[in-house]
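# Breakdown of the fold
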Amino acid sequence: MPELPEVEVTRRGIALQLTGRIISGVAVREPRLRWPVPREVLALAGRTVRTIRRRGKYLLVDCGDGHLILHLGMSGSLRVLPPGTPAQKHDHFDLVLGDRVLRLRDPRRFGAVLWTTGDAEAHPLLAHLGVEPLSRALTGERLHALTRAHRTAIKQFLMDGRRIVGVGNIYASEALFRAGINPKKAARRLTARECERLAKSIKDTLRAAIKAGGSSIQNFLAADGAAGEYQVRTLVYDRGGQKCRRCASLIRRLVQGQRSTYYCPTCQR
Ligand SMILES: [Zn+2]
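What comes next concerns the included structure. Being a predicted model, the structure only gives us computed values, none of them experimental.

This part takes up the sheet that holds strand S7 (residues 100–105). Reading across the sheet, the four strands line up as S1-S6-S7-S5 and stay open at both edges, with antiparallel pairing between neighbours. In this open sheet, the two strands that pair with only one neighbour each are strand S1 (25–28) and strand S5 (77–81). Between one strand axis and the next, the sheet turns by 15° as a mean value, whatever way the strands run. Relative to S7, strand S6 (residues 91–97) runs antiparallel, the two being bridged by six bridges. Counterpart to Asp94 in the pairing with S7 is Arg103. Across the sheet, helix H1 (residues 4–18) is in contact with S5, S6 and S7; its angle to S5 comes to roughly 25°.

What follows is the structure in structure tokens.
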């Protein structure tokens, strides 16, 4: 499933190719995505792509009088291709911009193509999203305030998109290791100093993943461009039973909220 770093790399890649271009056509081959593709999308020709922003894992294509909202769902990918490139099975949506085509491929069809006028961030799908982890809004102080009322384990707190958006399972384990915090610790028991370390480690973890994917930005013109998770060399994730890269203790695996968590019992107290 594409996580925040993949979505951010996608954003950078398509923004580089499409910003300032005029939409010349739209093709919807399969409107039955997570939600039906609205009819307004078919009438986007003539508008200019002003900017492409990201909120959580949603991409917001600013078209002046409204926003195209794109989401990659479980298996989606966006690529920029030359016009006339034959559509393959699962290529459900094209936004044509003169000599470039933005194409959504989504085999499982959990992705989204939506249209909204007015404040895009106030759209029902976006309005309740938590703090952006890479923004200045996520500070140690803010994290400390956010965690006070929560008895839930910090790992599960981190994965709750209503609090902080876009910290997926891999990145939550990795960030907690970097911060030296046990994933089972109750969120509200984290100290101010721990929250300071954790806010920083969340940003470091996500930035490292974006950097790992950054080399693929130029490949967005290639037919087999962007997709999938980056092969990041993890510190703890998926390393159960292996030696900790810091202290050589054996990494442990546990299940929290039906998701695997990995941690070092020595480094993470
Ligand atoms: Zn360790």
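Back to the text.
The next thing to look at is helix H4 (residues 169–179). Since one α-helical turn is 3.6 residues long, residues separated by three or four positions face the same way. Summarising burial for H4: 10 of the 11 residues are buried, a large majority. For H4, the full list of buried residues reads Asn169, Ile170, Tyr171, Ala172, Ser173, Glu174, Ala175, Leu176, Phe177 and Ala179. Within two residues after H4, Gly180 carries a phi angle of roughly 70°, on the positive side.

This part is about the packing of aromatic side chains. Within this structure, the stated rule accounts for one aromatic pair. Residues Tyr237 and Tyr262 carry aromatic rings whose centres are separated by 5.3 Å and whose planes lie at 75° to one another, so their mutual orientation is edge-to-face. Of this pair, Tyr237 sits in the loop between helix H5 (192–214) and strand S9 (252–256) while Tyr262 sits in strand S10 (residues 259–263), and the two are 25 residues apart along the sequence. Accessibility expressed as a relative area gives 8% for Tyr262, which makes it buried.

About the thresholds
- Residues numbered from 1 in each chain as written.
- Predicted model: local features only at pLDDT ≥ 70, side-chain atom pairs only at ≥ 80, totals over all residues.
- Heavy atoms only, no water.
- Pairing = 2+ DSSP bridges.
- Helix = DSSP H or I, 4+ residues; strand = E, 2+ residues; numbered from the N terminus.
- Axes fitted to C-alpha atoms, helices over the stretch in contact; angles between N-to-C directions.
- Contact = heavy atoms within 4.5 Å.
- Buried < 20%, exposed > 50% of the residue type's maximum accessible area, 1.4 Å probe, protein only.
- Phe/Tyr/Trp six-rings, centres within 6.5 Å; stacked < 30°, edge-to-face > 60°.

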